[in-house]
Amino acid sequence: MLFDTPVYFVFLILVVSVYWRLGWRSQNRMLFAASCFFYGWWDWRFLVLMMASATLDYVLAQKIADSQNPTARRSFLVFSLILNFSVLGFFKYFDFFIGSVIDGLGVLGIHSVSVPFLRVVLPPGISFYTFQEVAYIIDVYRGRLPPSRRFVDYGLFISLFPHLIAGPIQRPEHLLPQVQQPRQFDGRKFFDGIMLILLGLFRKSVIADNAATMANAAFDGQLGHGLWVTVIGVLAFSLQIYGDFSGYSDIARGSAQLLGFHFMVNFRQPYLASSLQDFWRRWHISLSTWLRDYLYFSLGGNRLGPMKTYRNLMTTMLLGGLWHGANWTFVLWGGLHGLWLSFERMFKRGEEAKGFSLIGWITTMLVVGLGWLLFRASNLSHALRMLADLRIIEWQPRFLSILGYLGSIVVVTAMLDLFLEHRGEEYPFEKGRPELAIATVVVFCVILTFLGPIGANVFIYFQF
């Protein structure tokens, strides 16, 4: 059930229509059932896996909170972490590591090893709901919040359908209390939710899906090879992944808003960042803050001296890259970001985020662009081949129209982001006149009708 398809909006309208006619507890039960239906729409077996994982953490969190024995509490926590990451690792990385071992043995001249690949199917959203479960169990262990005593409340926190497949990753202390308290209908917030959904559809259908056509042509070799093809591919994919994922996040936040829930902002105009540190304050904020709070700080953060700080940065970003997928290109992507973040900290360039720097912005965009090339490439050989193609300076007349087309998307994206950056609002036209907001809704609907692509592309982050 994709967010940009009619079936989702039929589902959403039905859920919202029934939801506000019910009492608080009935709302939770109905939403929990609807979220299970939403997830089971993909494959009911994945629903069994998610519910089994959620049930175990629900029980273990209560045991941690009720126990006065530090050793027992730590044992419950470790058991939960091992189980959660083992399940995630099996489904996401089993074939990757087996293939890497076989390739490594082949380099050593050992070719007789035969290990069957399981071709494990990746359950939708497993990375996202696993991180939420881990955050919950750690926060209960640290005493940051009490455990949920009602399974429906905890199950709804994990499975609430707007964030279930691709986030934003919800923090327990933010979302769980909202689940455990009555929600009141607010017409203004309801309208803000509609605006977010329309903005998300615009980013996805107009910006991302149109840029995807050029990105696929460049990375699949349909445009040939050379410097300009690589430039087109990186520029197009930069627009695609930003429009795609920020669009998904906006639709998720807007859908939640219609139900009276508030989701954290996941993007704040990341391509306006003038340092990589600032970029990660703006890009996929729910993941970057999760990695910071539950991994980077747990490793020691920046409290143990410069060298260990650089080590912690590299470890965090390498694991963050691996979280995105079972491919060495993701590991290199994370390593590149870790290295540049360490470089910025070494020379205190992250302080430039407090004020815009043109040189810092250009440098940051070059690093981010190189990272997107690694991220989009199908494998390491593909990435190295496209980098090697930079030495081939061959111009084709069709490149002018392609770059002009991408340039128009850049202008639209930049105008939208500069507008949002200037106003500093969480929702489009949050403080503006209602007539202007309504006029914008009409314009968005017209643009979506005429400029949206004929065929829909699956959201990029569904694969993670």
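Residues numbered from 1 in each chain as written. Predicted model: local features only at pLDDT ≥ 70, side-chain atom pairs only at ≥ 80, totals over all residues. Heavy atoms only, no water.

Student: Just checking my understanding: could you explain the overall build of the protein for this structure?
Tutor: Along its length, the protein carries 18 helices and zero strands. C-alpha atoms of the protein, sized along the principal axes, occupy 65 × 65 × 45 Å. Counting the 464 residues in the protein, one finds 54% classified as buried. Sequence separation of 24 or more characterises 77% of the internal contacts of the protein that already satisfy a separation of 6 or more. If the 38 positive side-chain charges of the protein are averaged to one point and the 29 negative ones to another, these points end up 6 Å apart. (Helix = DSSP H or I, 4+ residues; strand = E, 2+ residues; numbered from the N terminus. Buried < 20%, exposed > 50% of the residue type's maximum accessible area, 1.4 Å probe, protein only. Contact = heavy atoms within 4.5 Å. Lys, Arg positive; Asp, Glu negative; His and termini not counted. Charge placed at Lys NZ, Arg CZ, Asp CG, Glu CD.)

Student: In this structure, what is going on with empty space enclosed by the protein? I would like to understand it.
Tutor: To find leftover empty space, one rolls a probe the size of a water molecule over the atoms. According to the stated counting rule, one finds one cavity of 30 Å³ or more in the structure shown. In this structure, the largest cavity encloses a volume near 40 Å³. Taken together, Ser-53, Leu-83, Asn-84, Val-87, Tyr-129 and Thr-130 form the lining of the largest cavity. Contributions of two or more residues to the lining of the largest cavity are made by helix H4 (70-107) and helix H5 (126-142). Among the elements that take part in the lining of the largest cavity, H4 stands out by supplying three residues, more than any other. For the lining of the largest cavity, the class distribution of residues is three nonpolar, three polar and no charged. (1 Å grid on protein atoms, 1.4 Å probe; cavity = no way out; pocket = protein on both sides within 12 Å on 5 of 7 lines; lining within 4 Å. Points joined across faces, edges and corners; volume = space filled by probe spheres on them. Nonpolar A, V, L, I, M, F, W, Y, C, P; charged D, E, K, R; others polar.)

Student: Teacher, can you tell me more about the packing of helix H2 (residues 24-40) against helix H6 (residues 151-159) here?
Tutor: In helix packing, the relevant descriptors are the interaxial angle and the interaxial distance, both defined with respect to the helix axes. It is the contact of H2 with H6, at a shortest axis distance of 9 Å, that shows an interaxial angle of 45°. Relative to H6, the element H2 lies oblique. Classified by chirality, the crossing of H6 by H2 is left-handed. Listed contacts from H6 to Arg-25, Asn-28, Arg-29, Leu-31, Phe-32 and Ser-35 of H2 are Phe-151, Val-152, Asp-153, Gly-155, Leu-156 and Ser-159. Taken together, the residues of the contact of H2 with H6 break down into five nonpolar, four polar and three charged. (Axes fitted to C-alpha atoms, helices over the stretch in contact; angles between N-to-C directions. Parallel < 35°, antiparallel > 145°, perpendicular 65-115°, else oblique. Left-handed = near helix turned anticlockwise from the far one by under 90°.)

Student: I keep staring at the layout of surface pockets and nothing clicks. Help me out?
Tutor: Its boundaries defined by the atoms lining it, the largest pocket holds a volume of some 680 Å³. Lining the largest pocket are 24 residues, with Leu-235, Ser-238, Trp-361, Met-365 and Leu-366 sitting closest to its centre. Those elements that provide at least two residues to the lining of the largest pocket are helix H10 (227-258), helix H15 (358-376) and helix H17 (398-423). Ranked by the residues each element gives to the lining of the largest pocket, the list is headed by H15, at nine residues.

Student: Sorry, what's going on with the side chain of Ser-80 here?
Tutor: One can find Ser-80 in helix H4. With residues up to four places along the chain from it excluded, the contact list for Ser-80 reads Asp-57, Leu-60 and Ile-137.

Student: Hey, could you run me through helix H12 (residues 285-296) in this one?
Tutor: The periodicity of an α-helix, 3.6 residues per turn, causes residues three or four positions apart to be oriented the same way. The element H12 is extensively covered by neighbouring structure, given that 11 of its 12 residues are classed as buried. Along H12, the positions that sit buried rather than exposed are Ile-285, Ser-286, Leu-287, Ser-288, Thr-289, Trp-290, Leu-291, Asp-293, Tyr-294, Leu-295 and Tyr-296. For H12, the elements touching its buried residues are H5, helix H8 (172-179), helix H11 (276-282), helix H13 (306-324) and helix H14 (328-346).

Student: What's the story with unusual backbone geometry in this structure? I'm lost.
Tutor: The omega torsion across Gly-167 and Pro-168 is 0°, close enough to zero to call that bond cis. With respect to the secondary-structure elements, Pro-168 resides in the loop between helix H7 (161-164) and H8. Phi at Gln-269 takes a positive value of approximately 50°, unusual for a residue other than glycine. Even without a glycine there, the phi angle at His-284 is positive, about 40°. In this fold, His-284 is placed in the loop between H11 and H12.

Student: I'm lost on the pattern of salt bridges in this one. Help?
Tutor: Where charged atoms from two side chains of opposite charge come close, those side chains can pair. Counting across every chain of the model gives 18 salt bridges. Residue Lys-204 pairs with Asp-244 through a salt bridge whose shortest N-O separation is 2.9 Å. Taken together, the residues Lys-204 in helix H9 (residues 187-219) and Asp-244 in helix H10 connect sequence positions 40 residues apart. We note a salt bridge from Arg-282 to Glu-421, for which the minimum N-O separation is 3.0 Å. Linking Arg-282 in helix H11 with Glu-421 in helix H17, this pair joins segments that are 139 residues apart in sequence. Within the structure, one salt-bridge network assembled from shared partners comprises Arg-203, Asp-250, Arg-253, Asp-417 and Glu-426. (Salt bridge = Lys/Arg side-chain N within 4 Å of Asp/Glu carboxyl O.)

Student: Please clarify how the packing of aromatic side chains should be interpreted in this entry.
Tutor: The geometry of an aromatic ring pair is captured by the separation of the ring centres together with the interplanar angle, meaning the angle of the planes. On inspection of all chains with the given rule, the structure shows 50 aromatic pairs. Note on Phe-11 and Phe-37: the rings are 6.1 Å apart at their centroids and 25° apart in plane angle, and the pair reads as stacked. Placement of the pair is Phe-11 in helix H1 (residues 6-19) and Phe-37 in helix H2, with a sequence separation of 26 residues. Taken together, a centroid distance of 5.8 Å and an interplanar angle of 70° make the contact between Phe-37 and Trp-41 edge-to-face. (Phe/Tyr/Trp six-rings, centres within 6.5 Å; stacked < 30°, edge-to-face > 60°.)

Student: Help me understand the packing of helix H3 (residues 44-66) against H6 in this model?
Tutor: Between H3 and H6, the shortest axis-to-axis distance is 10 Å and the interhelical angle comes to 125°. Classed by the angle they form, the pair H3 and H6 counts as oblique. As for how H3 packs across H6, the hand of that crossing is right-handed. Between H3, through Met-50, Met-51, Ala-54, Thr-55, Asp-57 and Tyr-58, and H6, the contact on the second element is made entirely by Phe-151, Tyr-154 and Ser-159. Of the residues assigned to the contact of H3 with H6, the class counts are six nonpolar, two polar and one charged.

Student: Would you mind going over a nonpolar patch on the surface with me for this structure?
Tutor: Among the surface-exposed residues, Phe-356, Leu-358, Trp-361, Ile-362 and Leu-366 lie close enough to one another that they form a single nonpolar patch of about 530 Å² accessible area. With respect to the secondary-structure elements, Phe-356 resides in the loop between H14 and H15. (Patch = residues over 30% accessible without salt bridge, like charges linked within 9 Å, V, L, I, M, F, W, Y side chains within 5 Å. Areas by Shrake-Rupley, 256 points an atom, 1.4 Å probe, with all protein chains shown as cover.)

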